[in-house]
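Structural overview
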Amino acid sequence: MSAPTPTPDAAPVPELRWGFLATGKIARSVAQDLALTPGARLVAVGSRRQEAAEEFADWYAAIGPRPTAHGSYEALVADPEVDVVYVASPHALHLEHARLAFEAGKHVLCEKPLTLDAAQAEEMVRLAGEHDRFLMEAMWTATHPVVREVAARLASGELGTPRHLHAELGFRVDADPSDRMLDPALGASALLDMGIYPLTVAHLLLGEAEALTATATLSEGGIDLDIAVAGRYPGGALATMTASMTSWSSRAAAVATSLGRVDLPDFHHPAAATFTPYAEGSSNDGGGLGEVLLLEGAEPVVGRGYGNELLEVARCVAAGLRESPLVPHAQTLALLRQMDDLRAQVGVRFPHER
């Protein structure tokens, strides 16, 4: 497994002016971290309804300077004060909204998954190149200091050879069938909403998957409510990953190695990880355990971790980059191709694919 690509050289982060496209739950979560992020300033927010934009702006005013509220996405991307647009709309609308931003000359941070499928993602990457703008998927797991530290330690070999990874993420979704989380037309999918995180952490810690196999439980509307994935990774490492919209999972991840075990009790928002070494000849019955090693990030976690992806965008834009070395386009596309294949295996197709 190759070592992770380093972050661009550390330097004072210049101010970056953000515009938020859409005002849903994830936009609020990211905005809370933005208020804690050095150099980040929320200058505008856009919604399809002026009232929703005003409500978001009023809410944000309690934690930072009140942004300008725009009653359309077109008005948001046209705002000359905005440097980069954070696209936080439903998956099915990401390509359309990123296109608006690129055509207005803005850089883009787009919520994960970048699009519904790899073909749409390839088009978004093409558009970013055509307009010479920065594009990054908001896969903040890849920029999280703790996850990066675990990846670096595994790549160095000091924790042993990774042999098996398990990661799970899920929560019960009680919503109307027209809700984004359950509507196929908006990209509803346990795999795309939750499963992308276990797949990503496996990619970051083990390398690109060589083979993936899935089984799933589908809703009456044809979306995957629960999915389990088994994978084979470089060097013969294996992974098991689950995602659910019907039950409460542990949000834990663990990597069993030839020397011990790495545990991330909450890999979704990790405060730290641990490595427990095992003595030669022990039988994994509680004996032969070595001193537990605490694994923390080289950089502080900003807020819940969303702030670290905002810092990565700022570093890249300041350096004139058009993609992040931590969340490269090739990685985003590889994971979307994996999800395309997994959806095909379990029989999930979105309306635009029929």
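Before any of the text, the structure's been laid out above.
I will try to describe carefully the structure that is included in this document. Just so it is clear, the structure is predicted and the values come from calculations on it, not from any experiment.

1. Notes on the sheet that holds strand E3 (residues 68–70)
Ordered by their spatial adjacency, six strands build an open sheet running E3-E2-E1-E4-E5-E6, and the pairing between neighbours is parallel. At either end of the open sheet lies a strand with only one pairing partner, and these are E3 and strand E6 (135–137). Each strand of the sheet is rotated relative to its neighbour by a mean of 25 degrees, with strand direction disregarded. Sheet topology note: the strand E1 (residues 16–21)/strand E4 (residues 84–87) ladder contains four bridges and is parallel. Across the sheet, residue Gly19 finds its bridge partner in E4, namely Val85. Along the sheet, helix H8 (residues 306–318) makes contact with E1, E4, strand E5 (107–110) and E6, crossing E1 at roughly 125 degrees.

2. Section: the environment of Tyr233
Assignment of secondary structure puts Tyr233 in the loop between strand E9 (224–232) and strand E10 (238–244). In this structure, the C-alpha to C-alpha distance between Tyr233 and Leu205, residues 28 residues apart in sequence, is 10.0 Å. Residues within four places of Tyr233 in sequence aside, it is in contact with Leu199, Ala202, His203, Leu206, Gly207, Glu208, Ala209, Glu210, Leu212, Ala239 and Met241.

3. Considering the sheet that holds strand E11 (residues 253–257)
Pairing is mixed across the open sheet formed by eight strands, whose spatial order is E8-E9-E10-E7-E11-E12-E13-E14. Two strands bound the open sheet, and with one partner strand each, they are strand E8 (211–218) and strand E14 (293–295). Each adjacent strand pair in this sheet contributes to an overall mean axis angle of 15 degrees, direction not counted. On the sheet, helix H7 (residues 190–206) packs against strand E7 (162–170), E8, E9, E10 and E11 and is oriented at approximately 160 degrees with respect to E7. Those strands touched by helix H9 (residues 329–346) are E8 and E9, and its axis lies near 50 degrees from that of E8.

4. Topic: unusual backbone geometry
Cis geometry is adopted by the peptide bond preceding Pro113, which originates at Lys112 and carries an omega value of -15 degrees. Inspection of the secondary structure puts Pro113 in the loop between E5 and helix H5 (118–130). We note that Asp132 has phi near 55 degrees; this positive angle belongs to a residue other than glycine. When you line up the elements, Asp132 lands in the loop between H5 and E6. Within the chain, Arg251 stands out as a residue other than glycine whose phi angle is a positive 65 degrees. Mapping Arg251 onto the fold places it in the loop between E10 and E11.

5. With respect to the nonpolar core
With 111 residues, the main nonpolar core has Trp18, Phe20 and Tyr233 as its most contacted residues. Examining the composition of this core, we find that twelve residues originate from one element, H7, more than from any other.

Cut-off values and rules
Residues numbered from 1 in each chain as written. Predicted model: local features only at pLDDT ≥ 70, side-chain atom pairs only at ≥ 80, totals over all residues. Heavy atoms only, no water. Pairing = 2+ DSSP bridges. Helix = DSSP H or I, 4+ residues; strand = E, 2+ residues; numbered from the N terminus. Axes fitted to C-alpha atoms, helices over the stretch in contact; angles between N-to-C directions. Contact = heavy atoms within 4.5 Å. Core = buried A, V, L, I, M, F, W, Y, C linked by side-chain atoms within 4.5 Å. Buried < 20%, exposed > 50% of the residue type's maximum accessible area, 1.4 Å probe, protein only.

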